[in-house]
Structure formats: structure tokens, C-alpha cells
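So the chains spell out like this:
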Amino acid sequence: MPPSKKFQRDHIINATYEIVKSEGLQAINARRIAKELNSSVQPIYLNFSTMEELKNAVIEKISHTYVEYMWQGAAGEKPYQGMGMAYIQFARDYPNFFKILFMTESNLTPDCFIQNDIMGNDVLQKGRTFTGLSLEEQKRFHLKVWVFTHGIATLAATSTVKFTDEDILELLSSTVREMLIGFKNKGRQGEK
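Residues numbered from 1 in each chain as written. Predicted model: local features only at pLDDT ≥ 70, side-chain atom pairs only at ≥ 80, totals over all residues. Heavy atoms only, no water.

Draft legend 1. Just the overall build of the chain, in detail. Counting its regular elements, the chain contains ten helices and zero strands. When the elements of the chain are put in sequence order from the N terminus, they spell out α-α-α-α-α-α-α-α-α-α. A compact globule built from 192 residues would reach a C-alpha radius of gyration of about 16 Å, whereas the chain, at 20 Å, exceeds it by more than 25%. Referenced to the eigenvectors of the C-alpha coordinate spread, the extents of the chain come out at roughly 85 × 30 × 30 Å. (Helix = DSSP H or I, 4+ residues; strand = E, 2+ residues; numbered from the N terminus. Rg over C-alpha atoms; globule rule 2.2 N^0.38 Å.)

As C-alpha cells, this is what we get:
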């Protein structure tokens, strides 16, 4: 009898990650993962006490992928815009991952949803650098920007609309600029 293959947690997480990338979270079960690994289900249950534990580990790996995208976006000349582009690019490149992180049912308010995003505070800080707004003003402004950006990302993730990178950049830059002018003008009118 040939020796059995030994699978470490990382092998199982990586195999499950690949399944979720192409088939979605609903495709996850022990048999499907075992098939991907070309093994029995035993290594899965030796490394994870429940399938829920494995799903959580995969979601954590998905979150790391998202964070990498966002930091790459922040590294550009225009970090706030770059992070918006990265958010949308993540949705385009990994629609199943985007749906898991940003399109599942929750009872969160929009503000809490943004704050629960791993990158929420970083995006707010990059936004403040761009806008010059106070933290409270930036939170109100970013909510509007996020709703707009999330709309584009959702259209991209669901393949409802095909955008080019140029289309997205133009939409983001011109609309956010116009939103900022309107936001600042409204603030000035409120001060009178």
C-alpha cells in the first residue's frame, strides 16, 4: 500500500480558496475539497474541527487578498483614488470573493459597514489627505463616495456592465471631484 499523502492546513486552505475563487462559497464541502486535493476527506477533518473553521480560514485568506489590492492602490500618486480603483479591480478580478466580503446580508448601518471593512480607517485617512476635510466631514463625504464606488464594483462583480479601466477612472475621478465640490459648497452655505 503506498504511503498516504500528508496535507497541512495551508494546502487545504489554498485548495479551498481556489474552489471558492471559481465556484463560490456555496461549493465548499469536504468531498469537493478532497477531490481538489486528490485525497480522502480525512486530512480535512484532521486539520479542521469543523467546515465552519475551514470557511473562516478561507475568508481570512480572501481578506488578505483584498488588503493587498487596497495597499497597492494606496501606493500610487493618488492614494484615495487608487484605493477606489483597487476596490473595483478586486471586484472584477475576484467576483466571488467580493460577493463574500461585500455583498452578503448584514444588519449593519452604512457607517458601520465602512468601519467594519478592514481598510475602512486607512481609506478615511487617505481621503482626508485628498479632501482636506475633518475626520467627521470625511466620514460623511466618504459614505457618498463609497456608495458610488460600491455600485460600480457591484456592477463589475456581477458582470452586469463591462467597464474599461479608463471608464472607471473617468467615472471615479470626475464624479468624486464633483461630489467634493458640492459637499464643500453645501458646508459653506450651512455656515452662513
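Draft legend 2. Representation of the nonpolar core in the model. Residues I33, L54 and F90 are the most contacted members of the largest nonpolar core, which totals 55 residues. Of all elements in the fold, only α1 (9–23), α2 (30–37), α4 (51–74), α5 (79–93), α6 (95–102), α7 (110–116), α9 (135–157) and α10 (165–191) reach the threshold of two or more residues within this core. (Core = buried A, V, L, I, M, F, W, Y, C linked by side-chain atoms within 4.5 Å. Buried < 20%, exposed > 50% of the residue type's maximum accessible area, 1.4 Å probe, protein only.)

Draft legend 3. Highlighting the packing of aromatic side chains. Overall, the coordinates contain 15 aromatic pairs when judged by the stated rule. Following the ring pairs from residue to residue traces out a cluster consisting of Y17, Y66, Y69, Y87, F90, Y94, F97, F98, F102, F113 and W146. Sitting above the plane of the Y17 ring, K61 keeps its charged end 4.8 Å from the centroid. (Phe/Tyr/Trp six-rings, centres within 6.5 Å; stacked < 30°, edge-to-face > 60°. Lys NZ or Arg CZ within 6 Å of the ring centre and 35° of its normal.)

Draft legend 4. Examining the environment of A74 more closely. Note that A74 resides in helix α4. Look at A74 and you get buried, because its relative accessible area is 10%. Distance in space between the C-alpha atoms of A74 and D122 is 9.0 Å, their sequence separation being 48 residues.

Draft legend 5. Local environment of unusual backbone geometry. The backbone phi angle of N38 is positive, close to 60°, even though this residue is not glycine. Topologically, N38 is positioned in the loop between α2 and α3 (42–47). Residue S159 is not a glycine yet carries a positive backbone phi of 55°. Along the polypeptide, S159 turns up in the loop between α9 and α10.

Draft legend 6. Focus on a negative patch on the surface. A surface patch of like charges, here negative, comprises E166, D167, E170 and E178. Looking at the secondary structure, you find E178 in helix α10. On the basis of relative accessible area, E178 is assigned to the exposed category, the value being 55%. (Patch = residues over 30% accessible without salt bridge, like charges linked within 9 Å, V, L, I, M, F, W, Y side chains within 5 Å. Areas by Shrake-Rupley, 256 points an atom, 1.4 Å probe, with all protein chains shown as cover. Salt bridge = Lys/Arg side-chain N within 4 Å of Asp/Glu carboxyl O. Lys, Arg positive; Asp, Glu negative; His and termini not counted. Charge placed at Lys NZ, Arg CZ, Asp CG, Glu CD.)

Draft legend 7. Main features of the packing of α5 against α6. The interhelical angle for the contact between α5 and α6, taken along N-to-C directions, is 120°, at an axis separation of 5 Å. By the angle between their axes, α5 is oblique relative to α6. Here α5 contributes Y87, F90, A91, R92 and D93 to the contact with α6, which in turn contributes P95, F97, F98, L101 and F102. (Axes fitted to C-alpha atoms, helices over the stretch in contact; angles between N-to-C directions. Parallel < 35°, antiparallel > 145°, perpendicular 65-115°, else oblique. Contact = heavy atoms within 4.5 Å.)

Draft legend 8. Representation of α6 in the model. Restricting attention to buried positions, one finds in α6 the residues N96, F97, F98, I100 and F102. Among the structural elements, α1, α4, α5, α7 and α9 are those in contact with the buried residues of α6.

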